[in-house]
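# Descriptive structure summary
Chain residues, written in single-letter form:
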Protein chains: 2
Amino acid sequence: MQTPLIDDLISALKVLPGVGAKSAQRMAYHLLERDRKGALRLAETLNEAMEKVGHCRQCRTFSENEICPICASAKRVQDEICVVESPADIAVIEQSGIFRGTYFVLMGRLSPIDGIGPEDIGLPILELRLQQGGCSELIIATNPSVEGEATAHYLQQIAKNYDVKVSRLAQGIPLGGELEYLDSGTLTQAFLSRREV
Amino acid sequence: MQTPLIDDLISALKVLPGVGAKSAQRMAYHLLERDRKGALRLAETLNEAMEKVGHCRQCRTFSENEICPICASAKRVQDEICVVESPADIAVIEQSGIFRGTYFVLMGRLSPIDGIGPEDIGLPILELRLQQGGCSELIIATNPSVEGEATAHYLQQIAKNYDVKVSRLAQGIPLGGELEYLDSGTLTQAFLSRREV
Ligand SMILES: [Zn+2]
Ligand SMILES: [Zn+2]
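Residues numbered from 1 in each chain as written. Chains lettered and ligands numbered in written order. Predicted model: local features only at pLDDT ≥ 70, side-chain atom pairs only at ≥ 80, totals over all residues. Heavy atoms only, no water.

Now for the overall build of chain A. Helix and strand counts for chain A stand at eight helices and six strands. Counting helices and strands in the order they occur from the N terminus, chain A gives α-α-α-β-β-α-β-α-β-α-β-α-β-α. In terms of overall dimensions, chain A is more spread out than a globule: its C-alpha atoms have a radius of gyration of 21 Å, far above the 16 Å expected for 197 residues. In chain A, which comprises 197 residues, the share counted as buried stands at 42%. Considering only contacts in chain A between residues 6 or more positions apart, those separated by 24 or more positions represent 47%. With an accessible surface of roughly 11,000 Å², chain A has 52% of that area assigned to carbon and sulfur atoms. (Helix = DSSP H or I, 4+ residues; strand = E, 2+ residues; numbered from the N terminus. Rg over C-alpha atoms; globule rule 2.2 N^0.38 Å. Buried < 20%, exposed > 50% of the residue type's maximum accessible area, 1.4 Å probe, protein only. Contact = heavy atoms within 4.5 Å. Areas by Shrake-Rupley, 256 points an atom, 1.4 Å probe, with all protein chains shown as cover.)

Here it is, written out as structure tokens:
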């Protein structure tokens, strides 16, 4: 027996991933009670972002500019391209600081069952880049899921047609990971990819 | 190295309780990628709710009308008043369906340390209702915290001046609770409130 407007607010908050009825209610009350200003700023930013943020023409990540800051940066090695499934993957790689090249974001992965083919994940755009010779190394960083693996395989096939080095991120035991708690798939990979020391 | 607008969106989402940098980013990407319509509706509802939702004049809960639906309902026992700390408490009591009276929402609890006195939690409004004889039973349902208890005690003192029955929610072992895992405070209450059978 909420008022209709509070019901609306609670149900609107449920568009957020991981937010169910209970936390939506908590959020609504919190904003009404303690942070109306923050709520108005959120509304404004949502409007502006949904209107203006599109995709970088070169790497397909989210960007309000035609070319994103990474693709536009002179400090990045433009011909090393790391292929990831989503913009969130870029964020985590950037945090590590290990990579100074650029990205290509699939915004998904191949999934014939869901009708997601090569065009849907932007592969013609990537292939054009390979054709134009703008890539010396293609680093495939799709997720180690069935679909991520299939996508990686497909990318390798494409890259074969061009003079480009192809690599994939190593799979194995994560830093600080304990063997006891590893899934057998990871353990298998760790064995298969073992290195002589 | 996000674009400024996406950074803004992520930081704006952090006004939501329980949402840190990581989940704010996940939310921003999710909305941009999969639900721009939902994001726009959220923005619209936030604006409307922050502008229009105030407090019920009678019970102080959130409401866009002067009098909230419960206070306005002929189906509710108007002179049974359950005093709660927050609108969220109303929601959980309504879900149980056990109570058919009305509420009074403190929107907080007494806390001298934080400078929160009787006026801040609306007690003059509640006392006016008692004076006007609009209350036969006052059910105190503040939380069993130190401040909630102090608030309950204060409410009992006020009610003494009027011809009104005062009660408090029973404390004890929760349904399905196992003794082994109960805190000693709850167990003590359960002993003290034990009933002859
Ligand atoms: Zn880009
Ligand atoms: Zn009311």
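Before going further, it helps to examine the UniProt feature "domain: Toprim" (unreviewed entry) in chain A. Per the UniProt entry, the sites bearing "domain: Toprim" (unreviewed entry) are residues 79-174 of chain A in this numbering. Its end C-alpha atoms 28 Å apart, residues 79-174 of chain A is made of 35% helix and 18% strand. (UniProt positions renumbered as here; feature names shortened; annotations may be inferred.)

For the rest of this paragraph, the subject is the coordination of the zinc ion (ligand 2). Residues and elements named next belong to chain B. Listed as protein donors to the zinc ion (ligand 2) are C56 (SG), C59 (SG), C68 (SG) and C71 (SG); their distances from the metal cover 2.3 Å. Here the donor residues of the zinc ion (ligand 2) share one chain and are spaced in sequence as C-x2-C-x8-C-x2-C. Since its relative accessible area comes to 1%, C59 is described here as buried. (Donors = N, O, S within 2.8 Å, 3.2 Å for Na, K, Ca; no water.)

So, about the relation of the copies chain B and chain A. Take chain B, turn it by 180 degrees, move it 0.1 Å along the axis, and it overlays chain A with an RMSD of 0.1 Å. These values place the two chain copies in the arrangement generated by a two-fold rotation axis. Looking at the rotation axis and the C-alpha trace of chain B, the residue lying nearest is A43 of chain B, at 2.0 Å. The overlap is high: 100% of the interface residues of chain B also sit at the interface in chain A, so the same surface is used on both sides. (Least-squares fit on C-alpha atoms with pLDDT ≥ 70 in both.)

In the structure shown here, the tally under the stated rule is four aromatic pairs over all chains. Between Y29 of chain A and F62 of chain B the ring centres are 5.7 Å apart and the planes differ by 25 degrees, which places this aromatic pair in the stacked class. With Y29 of chain A in helix α2 (residues 21-34) and F62 of chain B in strand β2 (residues 62-63), this pair bridges two chains. Assigned by exposure class, Y29 of chain A and F62 of chain B land together as buried. (Phe/Tyr/Trp six-rings, centres within 6.5 Å; stacked < 30°, edge-to-face > 60°.)

Next up on the list: the environment of A150 of chain A. All names here are of chain A. Checked against the element boundaries, A150 lands in helix α7 (residues 146-160). We classify A150 as partly exposed; its relative accessible area is 40%. For the pair formed by A150 and S111, sequence separation is 39 residues and the distance between their alpha carbons is 8.5 Å.

Its volume calculated, the largest pocket comes out at about 850 Å³. Contributing to the lining of the largest pocket are 36 residues, with Q25 and Y29 of chain A together with P87, A88 and D89 of chain B lying nearest its centre. Put simply, the parts of the chain that give the lining of the largest pocket at least two residues each are α1 (4-13) and α2 of chain A together with α4 (69-72) and α5 (87-96) of chain B. For the lining of the largest pocket, a count of residues per class yields 17 nonpolar, nine polar and 10 charged. (1 Å grid on protein atoms, 1.4 Å probe; cavity = no way out; pocket = protein on both sides within 12 Å on 5 of 7 lines; lining within 4 Å. Points joined across faces, edges and corners; volume = space filled by probe spheres on them. Nonpolar A, V, L, I, M, F, W, Y, C, P; charged D, E, K, R; others polar.)

Our next topic: the coordination of the zinc ion (ligand 1). Residues and elements named next belong to chain A. Binding of the zinc ion (ligand 1) to the protein goes through C56 (SG), C59 (SG), C68 (SG) and C71 (SG), at separations of 2.3 Å. Each of the four donor atoms bound to the zinc ion (ligand 1) contributes to angles spanning 106 to 117 degrees, and the resulting shape is tetrahedral. Here the donor residues of the zinc ion (ligand 1) share one chain and are spaced in sequence as C-x2-C-x8-C-x2-C. Here the residue C56 occupies a position in the loop between β1 (54-55) and β2 (62-63), and C71 occupies one in helix α4 (residues 69-72), the gap between them amounting to 15 residues. (Tetrahedral: all angles 85-135°; square planar, octahedral: opposite > 155°, others 65-115°.)

A few words now on the environment of L169 of chain A. All names here are of chain A. Take L169: it is sitting in the loop between β6 (165-168) and α8 (184-192). Separated by 112 residues in sequence, L169 and R57 place their C-alpha atoms 25 Å apart. Sequence-distant contacts of L169, defined by excluding residues within four places in its chain, comprise I139, I140 and A141.

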